[in-house]
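A look at the structure
One letter stands for each residue in the lines below.
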Amino acid sequence: MFLYQKTLQFPVKVETTNPALAALILEQLGGADGEMAAGMRYLTQRYYMPLPEARALLTDIGTEELSHWEIIATIVWKLVEHATDEQIKNSPYAQHFANHGRNPFPHNAAGVPFTAAFFNAKTDPIADLHENMAAEQKARATYEHLIRMSNDRGVNQTLSFLREREVVHFQRFGEMLDKVQDYIYSKHRRRDDNLDYHRIRQEHDRYGMR
Amino acid sequence: MTRYNKDFEELMALQFAIVELNLFLDTHPDDEQALRDYNRLVEQFEMAKKAYTEKYGPLVNFGYGKSKHPWQWVNEPWPWDR
């Protein structure tokens, strides 16, 4: 079950009102490599991971991604909260405003609404963990693009924190991929594990192992 | 300009350190040093949460902190208002 803690994971201290920057940062709210896609990706993958520690990692990183989603929403909100009609009219945020006003509605920087088609999950732990590692690198690249386009030091501090988290998640997923691979391809499975042997066998057939 | 304060930022810092160690322990469950650090920070976090809740009201919804009268959950600035 999810609980709400009345904090953010990292402070959001925006220097100035900046609807143009808000329009760009929406990329990480509702974009393909954004925080919503990341959270949904991991939280749906956790059900079938063959190791309990992999289920833990997906639950924990999935939860952290939801915390990042609310950080991004907070940045976008604070950048437009006090914007005048004139400031909005003269910025790329105007296209967003026409439909959603100041609501941090999840679409990407080009206005494409969030869709689950942005990410994937296969019930195949090896394919999924590779997908996750690629996703973390793509998110890191997006944060670097955003930091290069932003002159707001407050926003950049928060974006730098989020960029670093992508690097850490990539590292943890890589470690877990090693563990899961060792486990799947080893003959020494734990006796008390609740395994889907049918699926494991199918994987072994596919990879030609054992 | 912002409504962040020392109590609040300290709580956030502890929470973050704990998240980081939690993820590390997920892939290094045998690391005793990391586990010691985790448990030490959880103790500090427990104390900080208790003090914060006493001063400002519940930090987590659904029964994870008591409130004084009137219902304090609705009072404090929400994180996006700070």
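Refer to the structure above for everything that follows.
This section reports on the structure supplied with the text. Bear in mind the structure is a predicted one, so any value in this text is a computation, not a measurement. (Residues numbered from 1 in each chain as written. Chains lettered and ligands numbered in written order. Predicted model: local features only at pLDDT ≥ 70, side-chain atom pairs only at ≥ 80, totals over all residues. Heavy atoms only, no water.)

Details of the pattern of salt bridges
Two side chains bearing opposite charge may form a pair once their charged atoms approach each other closely. The criterion, for reference: Any carboxyl oxygen of Asp or Glu that lies within 4 Å of a side-chain nitrogen of Lys or Arg is treated as forming a salt bridge with it. Numbering of helices and strands starts at the N terminus; helices are DSSP runs of H or I of at least 4 residues and strands are runs of E of at least 2. A 1.4 Å probe rolled over the protein chains alone gives each residue an accessible area, and that area as a share of the maximum for its type sets the label: buried under 20%, exposed over 50%, partly exposed in between.
A complete count under the given rule lists 15 salt bridges over all chains for this structure. As a salt-bridge pair, E144 of chain A and R163 of chain A come within 2.7 Å of each other at their nearest N and O atoms. Taken together, the positions of E144 of chain A in helix α7 (residues 125-149) and R163 of chain A in helix α8 (residues 153-185) put the pair 19 residues apart, joining distant regions of the chain. With relative accessibility at 24%, the residue E144 of chain A sits in the partly exposed group. Classification of R163 of chain A as partly exposed rests on a relative accessible area of 26%. Put simply, E64 and R165 of chain A together with E20 of chain B are held in one network by salt bridges that share partners.

Side note on the packing of aromatic side chains
The cut-off we apply is this: Under the pairing criterion, centres of Phe, Tyr and Trp rings, with the six-membered ring standing for Trp, must be within 6.5 Å; the plane angle then separates stacked pairs below 30 degrees from edge-to-face pairs above 60, leaving the rest tilted.
Going through the model one piece at a time under the given rule, you end up with ten aromatic pairs over all chains. Ring plane angle 50 degrees and centroid distance 4.9 Å describe the contact between Y42 of chain A and F173 of chain A, whose orientation is recorded as tilted. Of this pair, Y42 of chain A sits in helix α3 (residues 35-45) while F173 of chain A sits in helix α8, and the two are 131 residues apart along the sequence. A single burial state applies to Y42 of chain A and to F173 of chain A, both of which are buried. Ring geometry for F114 of chain A versus F118 of chain A: centroids 5.9 Å apart, planes at 75 degrees, classification edge-to-face. Here F114 of chain A falls in the partly exposed class, since its relative accessible area comes to 22%. On the accessibility criterion, F118 of chain A (23% relative accessible area) is partly exposed. Grouped by ring-pair contacts, the aromatic residues Y4 of chain A together with W73, W78 and W80 of chain B constitute a single cluster.

A closer look at the nonpolar core
Put simply, the test is: Only buried residues count toward a nonpolar core. Its members are Ala, Val, Leu, Ile, Met, Phe, Trp, Tyr and Cys residues joined through side-chain atoms within 4.5 Å. Whether two residues touch is decided by their heavy atoms; if any such pair falls within 4.5 Å, the residues are in contact.
Of all hydrophobic cores here, the largest spans 41 residues; its most connected members are V12, I25, I72, I75, L79, V155 and L159 of chain A. Setting aside its immediate chain neighbours within four residues, I72 of chain A contacts I25, Q28, L29, E35, Y143, L159 and L162 of chain A. Listed in part, the 20 residues of the second largest apolar core include M49, M133 and F173 of chain A together with L23 of chain B.

Quick notes on helix α1 (residues 6-27) of chain B
Cut-off, in case you're wondering: One less than the residue count of a helix, multiplied by 1.5 Å, gives the span that helix is expected to have. Here a polar contact is taken to be a pair of N or O atoms separated by no more than 3.5 Å, where protein atoms must pair a possible hydrogen donor with a possible acceptor and residues adjacent in sequence count only if both atoms sit in side chains.
Look at α1 of chain B: 33 Å from first C-alpha to last across 22 residues, which is about the 32 Å you get at 1.5 Å a residue. For α1 of chain B, every residue scored as buried is listed here: F8, L11, M12, L14, Q15, I18, V19, L21, L23, L25, D26 and T27 of chain B. Where α1 of chain B is buried, its residues contact α4 (52-80) and α8 of chain A together with α2 (32-56) of chain B. A distance of 3.2 Å separates the backbone nitrogen of D7 of chain B from a side-chain oxygen at the start of α1 of chain B, and that oxygen is part of N5 of chain B.

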